[in-house]
Amino acid sequence: MRKVRIMTTILVGMGIVLLSAWTRYAQGDEYSEGKSLFEEKCRICHGANGRGDGTAAPGLSHRPTDFTSSKFWQGDVDTKITKTIRNGHPPMPAFRLQESEIKALIVYMRRSFKKM
Amino acid sequence: MDRPKGIEIGLLTLFVTGLFLLLTLTDARAVPSFARQTGMSCTACHTVFPELRYFGRIFKLDGYTLSTESRSGPWHPPIAAMIQTSCTELENNRGVLKNGVAPFDDADDSAVDKFNIPQQASIFYAGRIFDHVGAFSQLTYDGPGNDVALDLTDIRHSRDITLAGKDFIYGFTVNNSPTVEDVWNSTPTWGFPYGSSSVAPTPAAGAVLDGGLDQQVGGVGAYFYWDNLIYGAFSFYRTTNDGITRPLGAGTTPDTVTDGTVPYGRLAVQHQWGQHAMELGAYGLNADIHSGSDGSGPTNHFRDYAFDVQYQYTGMRHLFSVQGTWIHEKQDWDAGFPARHAANPSDTLKTFKANVNYYYEAQLGIIGGSLGYFSIAGDRDRLLYAPAPVNGSRTGRPETKGFILEGDFVLKNNYKFSLQYTFYNKFNGADENYDGSGRDASDNNTLYLLGWFMF
């Protein structure tokens with residue numbers, strides 16, 4: 001019985017470790033995808049650090065949003081980001097991204113720019 | 001009888017083309033490939049095309065790759081098209097231009113026809129190729145010349161990183177014209193006037209750096225842009241007459257064949273603040289060019305250096321800009337002097353161009369215009385600038401000076417109508433009887449009507 005409990009504990013522990021590893025792997029993948037998308041489509045205006053100071057920012061009619069601002073992360077941020085990406089927010093154009101791409105971008109932005 | 005017929009055909013074609021575009025193309029944003037790729041209006045990158053705004057300069061430096069498309073979405077080839085139709089009238093024609101319509105009448109004479117329909121027709125591959133690689137490449141049908149050739153081409157690979165805490169764009173370019181890779185409208189390839197007659201007489205003298213190597217060379221270069229402040233570029237070119245660079249001159253028969261590599265360098269300091277942008281820069285090249293237009297014979301040596309400046313104000317309604325450049329060319333006639341093609345062992349040529357532009361963004365479209373000044377001056381050389389009807393020089397001097405006055409109307413961002421008048425104070429060294437055949441500089445004053453349509 002003791003052996004069974006030990007084996008069960010080991011198996012559950014391994015399962016948790018594997019699940020955790022898989023989850024981390026999955027998150028990492030989404031994070032990487034989001035990072036890559038951000039670099040490709042957002043960085044030029046929002047800047048590498050998300051402060052709204054990208055290379056193209058000085059010439060825009062409105063300063064790009066600062067993602068490091070605590071104000072930005074108030075309310076239903078996921079919906080706000082999704083709507084802005086889909087509909088645009090002049091001078092930012094609308095982006096025709098897939099649901100999964102927007103989700104990846106949100107994961108990257110949350111982990112990189114949101115201050116705890 | 002010929003004249004009314006030519007005018008009627010020209011005006012009718014312009015009218016029908018314009019009407020067709022107005023009635024059929026309602027969403028101009030959806031047509032040119034850059035606008036389609038970015039989902040932005042043409043005016044996001046241009047004041048009045050082809051003059052770039054700050055965002056357009058960054059888009060170009062970023063390798064034409066910014067896209068609002070999904071990575072897994074359908075691939076749209078970045079194809080666009082352009083048609084230019086024009087009419088040219090000289091102050092005193094004296095048989096220089098015909099009343100014909102190129103290329104529809106006798107093709108042998110199309111290069112001197114007043115009506116050019118089209119003057120140029122181009123297909124562009126302009127946009128992202130993959131990841132960080134993009135291109136601007138133009139295949140052009142030249143109406144007066146009645147031939148097809150690869151036109152301006154700039155293929156880029158670009159990356160955006162952080163260096164010393166500041167944004168740093170670097171990249172590589174493969175292109176076929178020195179200064180085509182440049183992002184300011186003060187350097188020759190993208191400088192004023194943006195459209196001009198293909199058939200009006202042009203000055204005998206022109207610097208190699210001032211368009212003399214367009215499509216005659218192909219090359220590879222690197223560039224960088226750091227912290228909204230410093231831009232630098234360095235390229236090496238070689239002739240498109242043969243070898244690996246030959247495809248970059250496809251369709252062009254080189255008549256300016258360089259020997260070895262041609263180094264080209266560019267450095268500029270710029271700053272964008274609010275609605276203002278200012279740039280100060282320098283650029284230059286060093287070229288050995290064969291005396292024979294087919295690449296044969298010994299070479300002459302050309303060292304060009306230049307300075308340029310641009311100021312731009314881009315308000316919500318008002319757009320204002322000033323551009324200027326000064327080019328100094330030292331010409332060593334190592335081949336030309338012994339062969340009696342040049343009277344001096346070496347000459348200098350100085351080119352100065354400046355223009356001021358103002359546009360107003362109205363509901364109907366963008367309306368405005370430009371005033372430009374140009375001056376070419378240099379050493380007297382009786383063999384380089386010899387007397388000949390229309391294109392020659394009685395005095396042996398290269399001096400050409402004058403003004404360009406242009407009015408523009410841009411409809412739906414993509415359809416531009418220009419009326420341009422060029423005044424010559426001097427042409428090929430004199431104001432009166434400049435060619436030794438009785439032609440005055442003012443006889444070459446040119447009225448030019450251009451319809452420029454982007455699809």
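This text follows the structure it describes.
Residues numbered from 1 in each chain as written. Chains lettered and ligands numbered in written order. Predicted model: local features only at pLDDT ≥ 70, side-chain atom pairs only at ≥ 80, totals over all residues.

S.K.: How would you summarise the overall build of chain A if you had to cite specific residues and measurements?
M.R.: Within chain A, the secondary structure is distributed over 3 helices and 0 strands. Within chain A, the fraction of its 116 residues that count as buried is 26%. Looking at chain A alone, contacts between residues at least 24 apart form 46% of all its contacts between residues at least 6 apart. (Helix = DSSP H or I, 4+ residues; strand = E, 2+ residues; numbered from the N terminus. Buried ≥ 20, exposed ≤ 12 C-beta atoms within 10 Å, placed from the backbone. Contact = placed C-beta atoms within 7 Å.)

S.K.: Describe the overall build of chain B, listing the residues and the values that go with them.
M.R.: Helix and strand counts for chain B stand at 4 helices and 17 strands. The C-alpha atoms of chain B give a radius of gyration of 22 Å, which matches the 23 Å a tight globule of 455 residues would have. Along the first, second and third principal axes, the C-alpha set of chain B runs to 65 × 55 × 40 Å. For chain B, with 455 residues in total, the buried portion stands at 48%. Counted over contacts in chain B with a minimum sequence separation of 6, partners at least 24 positions apart contribute 63%. (Rg over C-alpha atoms; globule rule 2.2 N^0.38 Å.)

S.K.: Can you tell me about the pairing of strand β17 (residues 446–454) of chain B, naming the residues and giving the values?
M.R.: All names here are of chain B. Within β17, 7 of the 9 residues are buried, which leaves it mostly tucked inside the rest of the structure. When strand β1 (residues 79–90) meets β17, the two strands line up antiparallel, connected through 9 bridges. Looking across to β17, one finds that Leu 90 is bridged to Thr 446. With 8 bridges joining them, strand β16 (residues 415–426) and β17 adopt antiparallel strand pairing. (Pairing = 2+ DSSP bridges.)

S.K.: Break down helix α3 (residues 99–113) of chain A for me, citing the residues and quoting the values.
M.R.: Residues and elements named next belong to chain A. With 15 residues, α3 ought to run about 21 Å at 1.5 Å a step, and its terminal C-alpha atoms sit 21 Å apart, in line with that. All of the buried residues in α3 are Glu 101, Ile 102, Ala 104, Leu 105, Tyr 108 and Met 109. Mapping the buried residues of α3 onto a view down its axis gives an arc of 160°, with all of them on the same face. Away from the buried face of α3 by more than 90 degrees, exposed residues Glu 99 and Ser 100 are located. (Expected span 1.5 Å × (residues − 1). Arc of directions from axis to C-beta.)

S.K.: I'd like a description of the nonpolar core, backed by residues and values.
M.R.: By size, the foremost hydrophobic cluster in this structure holds 57 residues, and its most contacted members are Leu105(A), Cys45(B), Phe55(B), Ile58(B) and Ala126(B). Listing elements by their share of this core, those giving two or more residues are α1 (2–46) and α3 of chain A together with α2 (33–38), α3 (54–61), β1, β3 (113–130), β4 (133–142) and β17 of chain B. Setting aside anything within four residues of it in sequence, one finds Phe55(B) in contact with Ala56(A), Gly59(A), Leu60(A), Ala44(B) and Cys45(B). Ala204(B), Ile289(B), Leu349(B) and Ile376(B) belong to the second largest nonpolar core, which has 24 residues in total. (Core = buried A, V, L, I, M, F, W, Y, C linked by C-beta atoms within 7 Å.)

S.K.: Can you explain the pairing of β1(B)? Please cite residues and give values.
M.R.: All names here are of chain B. Most of β1 is tucked away: 9 of the 12 residues are buried. Strand direction decides the pairing type here: β1 and β3, joined by 8 bridges, are antiparallel. From the neighbouring strand, Cys 87 faces β3, where its bridge partner is Phe 115.

S.K.: Give a description of the environment of Trp326(B) that names residues and reports values.
M.R.: Residue and element names in this part refer to chain B. Its location among the elements puts Trp 326 in strand β12 (residues 318–332). Taking the C-beta count within 10 Å as the criterion, Trp 326 has 16 such neighbours and is therefore assigned partly exposed. C-alpha separation for the pair Trp 326 and Gln 216, spaced 110 residues apart in sequence, amounts to 22 Å.

S.K.: Which residues make up the environment of Thr400(B), and what values do they have?
M.R.: All names here are of chain B. You can see Thr 400 is positioned in strand β15 (residues 400–411). Among the residues examined, Thr 400 registers 25 C-beta atoms within 10 Å and is labelled buried. Sequence spacing of Thr 400 and Phe 104 is 296 residues, and the spatial spacing of their C-alpha atoms is 33 Å. Among all residues touching Thr 400, those that are not within four sequence positions of it are Pro 203, Ile 376, Tyr 424, Lys 426, Phe 427 and Asn 428.

S.K.: Account for the environment of Glu181(B), naming residues and giving values.
M.R.: Residue and element names in this part refer to chain B. Within the secondary structure, Glu 181 sits in the loop between β6 (166–175) and α4 (208–212). Through-space distance from the C-alpha of Glu 181 to that of Pro 50 is 13 Å; in sequence the pair is 131 residues apart. With sequence-adjacent residues up to four places away left out, Glu 181 is seen in contact with Asp 154, Thr 173, Asn 175, Gly 221, Tyr 223 and Ala 233.

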